[in-house]
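# Structural characterization, general
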Amino acid sequence: MNSNVTNTAEDLHTDLIEHHDRILILDFGSQVTQLIARRVRESGTYCEIWPFNNADITAIKSYAPKGIILSGGPCSVTDEGSPRAPEGIFDMGLPIFGICYGQQTMVEQLGGKVEAGHDREFGRAYVDVKEHNSLLDGVWDAGAHEQVWMSHGDRVTALPEGFKVVGASEGAPYAMIADDDRKFYAVQFHPEVVHTPHGAALLKNFTHNVCGCNGDWTMAAFRAEAIEKIRAQVGNKKVICGLSGGVDSSVTAVLLHEAIGDQLHCIYVDTGMMRAGESEQVVDLFRNHYNIPLIHEDASELFLGQLDGVSDPEEKRKTIGRLFIEVFEDCANNKIGGADFLAQGTLYPDVIESVSFTGGPSVTIKSHHNVGGLPERMNMQLVEPLRELFKDEVRELGVELGMHPDFVKRHPFPGPGLAIRLPGEITADKLEILRKADTIYLEEIRNAGLYDAIWQAFAVLLPVKTVGVMGDSRSYDYVCALRAVTSTDGMTADYYHFDHEFLSRVSTRIINEVRGINRVVYDITSKPPGTIEWE
Ligand code: XMP
C-alpha cells in the first residue's frame with residue numbers, strides 16, 4: 001500500500017477523465033463502497049469515490065458528475081454529529097441515488113424521518129415492488145417479489161415531500177423510495193453486492209437511464225488518454241520503474257514504454273526469493289519481447305546473507321524492504337544515472353484507502369514491502385498511471401496493451417516473495433525444496449483448469465519435520481502446507497474447496513518428486529481470522 005502519500009479528494013480528480021461521463025460516489029464508510037464503484041465501472045461509466053467529509057460543493061461542481069450515489073455506512077443518522085451529505089448536492093439538479101445509510105441521510109436531510117431501534121434486518125430479504133419507474137426498467141416490474149441484501153438497524157418512517165414508496169420488505173416498509181420529478185432514488189438494501197442478484201442492473205439503470213451516461217469508459221479510451229497524460233507529465237525526462245514481475249508493475253511499464261519509449265528504464269531487483277523460473281521469465285519478457293531496457297540486478301546472495309538466522313516474520317519483511325530500497329537506489333543512481341520520475345503501479349483501492357473516512361487499519365498486521373520511501377530519498381516525482389483503476393481494470397488494460405491474458409491473470413505474488421512462505425529460518429536448500437513443491441502444485445491447478453477460479457495458490461514449507469515411511473525405510477522430512485483462496489480484493493478470503501482426489505494427486509506427486517518433504521497438509525482457514533500468507 002502506498003501509504004506514504006496523502007491525497008485530498010481533489011487530488012483524486014484528474015483531467016484524464018474529463019471527456020467521460022462520470023458519477024460521484026460519496027462514501028459514508030461502508031465496507032462495500034468500493035463494490036458500488038466497481039459495478040458502475042463495469043457498466044462502462046467512470047466514477048470516483050470521495051469521502052463525504054472531504055467533498056465540498058465547489059469541488060463537486062468542478063468534477064461535474066452526471067449523478068451522485070450516496071453509499072452505506074456504519075453510523076446511525078439518529079446520532080448527533082453523524083455524517084451528512086454536503087447540503088448543496090440536493091439543489092444541483094442532479095440525479096441522486098441513496099443506498100442504505102445514503103437513503104437515510106437523504107431522507108433526513110430532505111425533511112423525512114428516520115428512527116433507530118426497529119427490527120434489525122441483516123442478510124437476505126425480499127422486496128415487493130409496488131410501482132414501476134426508470135430505475136427499474138427491464139429489471140423489476142410492479143408486483144415482483146425480489147431477493148435483496150439488507151444490512152440495517154435504523155429505518156425510514158416518514159418520507160420527505162415529493163417521495164413515494166416503490167417497494168417494501170417485511171422489515172422495511174420504505175425499502176425503495178423515489179421522487180421521480182427530482183430524479184432522487186433511494187433503497188434500504190445494497191444493490192452493489194452479489195446477493196442482490198439484479199442490483200448491478202439497477203445501478204446501470206441509474207447511470208444510463210436516469211443520469212444519461214453513455215457508457216464510454218473503455219480500456220481503449222483509457223489507454224489513449226493515459227498515454228497523452230504521461231507524455232504531458234514527463235516531457236523528455238527519464239523515468240525509472242521497479243519491476244517485480246507482478247501484474248501491476250508490468251502493466252505500468254508496458255504503458256509507459258508505449259508513451260515514452262526509451263526514456264523508460266526498468267530495474268528488476270532479484271531478491272532470490274522468486275519462484276522457479278520467474279526471474280528468467282520477467283527478464284526475457286521485458287528485454288526480448290517488449291524491448292524495454294531492463295537492469296536485472298541479481299542481489300540474491302546479499303538478501304540470503306542478511307536473512308541468515310532471521311526467523312521473525314516482521315524482521316524478515318523489514319530486512320527485505322530495507323535491502324530492496326538500498327539495492328534499487330544504488331542501481332538507479334549508478335547504473336542509470338538517476339532520474340526525475342519514479343513510476344509506480346499504485347491502484348485505485350490504495351488511493352481510496354489513503355483518504356477514506358474510516359482510515360486504514362490502526363494496527364500493523366504486516367508491514368508490506370514496496371518502493372515507498374524512495375521518491376523522497378531520491379528526490380523523484382511519482383508517475384502513477386494506474387491510480388484510477390481497480391485490479392480487474394488493470395488486467396483488462398494489460399490485454400488492451402497486447403499482453404498475454406495468461407500473464408495478466410497471474411495470481412498476486414507478495415513483494416517479500418518466498419521468504420514469507422518459509423516460516424523460520426531461510427536457507428538456500430529450503431528455498432529449493434519449496435520451489436519444487438510450489439511448481440508441482442500450480443502445475444496441477446492449471447491442469448485441472450482451476451487457476452482462474454482461485455485468487456491465489458501457493459505452497460508453504462513448514463519448519464517442522466515429521467516421521468514417515470518411504471519404501472522400507474523411515475523418513476524424517478519437512479511438512480508442506482498448501483494454500484488456495486478465493487477473494488475479490490485480498491482483504492477477505494475463503495479457502496478454496498478442492499475435491500479430495502485433486503488434493504491426493506498433488507500430495508502424492510509432491511512427496512514422490514520432492515526430496516525433503518514427506519507430508520502434505522491443506523490449509524482450511526479463511527481470512528479473517530487467518531491471513532492469506534503465513535507470515
Ligand atoms: P495477507 O497475507 O495480508 O495478504 O492476507 C493479502 C494480500 O497481500 C499480499 N501480500 C503482500 N504483497 N507485499 C506485497 O506486495 C507484501 O509485503 C505482502 N504481504 C502480503 C498477499 O500475497 C495477498 O495477495
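Structure: above.
The notes below deal with the structure included here. (Residues numbered from 1 in each chain as written. Predicted model: local features only at pLDDT ≥ 70, side-chain atom pairs only at ≥ 80, totals over all residues. Heavy atoms only, no water.)

The omega torsion across Lys527 and Pro528 is -15°, close enough to zero to call that bond cis. Along the chain, the position of Pro528 falls in the segment after β20 (517–522). Look at the link from Pro528 to Pro529: it is a cis peptide, with omega at 10°. By secondary structure assignment, the location of Pro529 is in the segment after β20. With a phi angle near 50°, Ala64 is a residue other than glycine that sits in the positive phi range. Here Asn291, not a glycine, exhibits a phi torsion of approximately 60°, which is positive. By relative accessible area, Asn291 is classed as exposed at 58%. (Helix = DSSP H or I, 4+ residues; strand = E, 2+ residues; numbered from the N terminus. Buried < 20%, exposed > 50% of the residue type's maximum accessible area, 1.4 Å probe, protein only.)

Soluble globular proteins tend to bury their nonpolar side chains together. Counting residues in each nonpolar core, the largest one holds 68 residues, and the members touching the most others are Leu70 and Phe286. The element that contributes the greatest number of residues to this core is helix α7 (residues 247–260), accounting for eight residues. Each of two domains, domain 1 (11–210) and domain 2 (219–408), supplies a minimum of three residues to this core. (Core = buried A, V, L, I, M, F, W, Y, C linked by side-chain atoms within 4.5 Å. Domains from an automatic or database assignment.)

Time to look at the packing of aromatic side chains. Two aromatic rings, taken as a pair, are described by how far apart their centres are and by the angle between their planes. Counted under the stated rule, the structure contains 16 aromatic pairs. When the centroid spacing of 5.3 Å and the interplanar angle of 45° are considered together, the rings of Phe28 and Tyr101 count as tilted. Linking Phe28 in the loop between β1 (22–27) and α2 (33–42) with Tyr101 in helix α4 (residues 101–109), this pair joins segments that are 73 residues apart in sequence. For Phe28, a relative accessible area of 1% puts it in the buried group. For Tyr101, a relative accessible area of 1% puts it in the buried group. An aromatic cluster of three or more residues is present, and its members are Tyr441, Tyr495, Tyr496, Phe498, Phe502 and Tyr522. (Phe/Tyr/Trp six-rings, centres within 6.5 Å; stacked < 30°, edge-to-face > 60°.)

Attention shifts here to the layout of surface pockets. Here the second largest pocket is characterised by a volume of approximately 320 Å³. In terms of lining, the second largest pocket is formed by Arg275, Ala276, Glu278, Gln281, Arg410, His411, Asp438, Thr439, Leu442, Glu443, Arg446 and Tyr451. For the lining of the second largest pocket, the secondary structure elements donating two or more residues are α8 (278–289) and α15 (428–447). Tallying contributions element by element places α15 first for the lining of the second largest pocket, with five residues. (1 Å grid on protein atoms, 1.4 Å probe; cavity = no way out; pocket = protein on both sides within 12 Å on 5 of 7 lines; lining within 4 Å. Points joined across faces, edges and corners; volume = space filled by probe spheres on them.)

On to α15. The end-to-end C-alpha separation of α15 is 29 Å, in line with the 28 Å expected for 20 residues at 1.5 Å each. All of the buried residues along α15 are Lys430, Leu431, Ile433, Leu434, Arg435, Ala437, Asp438, Ile440, Tyr441, Leu442, Glu444 and Ile445. Looking at the buried side of α15, the elements it contacts are α9 (300–307), β17 (456–470), β18 (473–486), α16 (500–513) and β20. In the segment just after α15, Gly449 is the residue with positive phi, at about 70°. (Expected span 1.5 Å × (residues − 1). Contact = heavy atoms within 4.5 Å.)

The next point concerns the packing of α7 against helix α13 (residues 391–400). Packing of α7 against α13 brings their axes to within 10 Å, and their N-to-C directions diverge by 45°. Taken together, the axis directions place α7 and α13 in an arrangement best described as oblique. Crossing handedness for the pair α7 and α13: left-handed. Of α13, the residues touching α7 (which contributes Val247, Asp248, Val251 and Leu255) are Lys391, Val394, Arg395, Leu397 and Gly398. (Axes fitted to C-alpha atoms, helices over the stretch in contact; angles between N-to-C directions. Parallel < 35°, antiparallel > 145°, perpendicular 65-115°, else oblique. Left-handed = near helix turned anticlockwise from the far one by under 90°.)

Nothing here speaks to function; it is geometry throughout.
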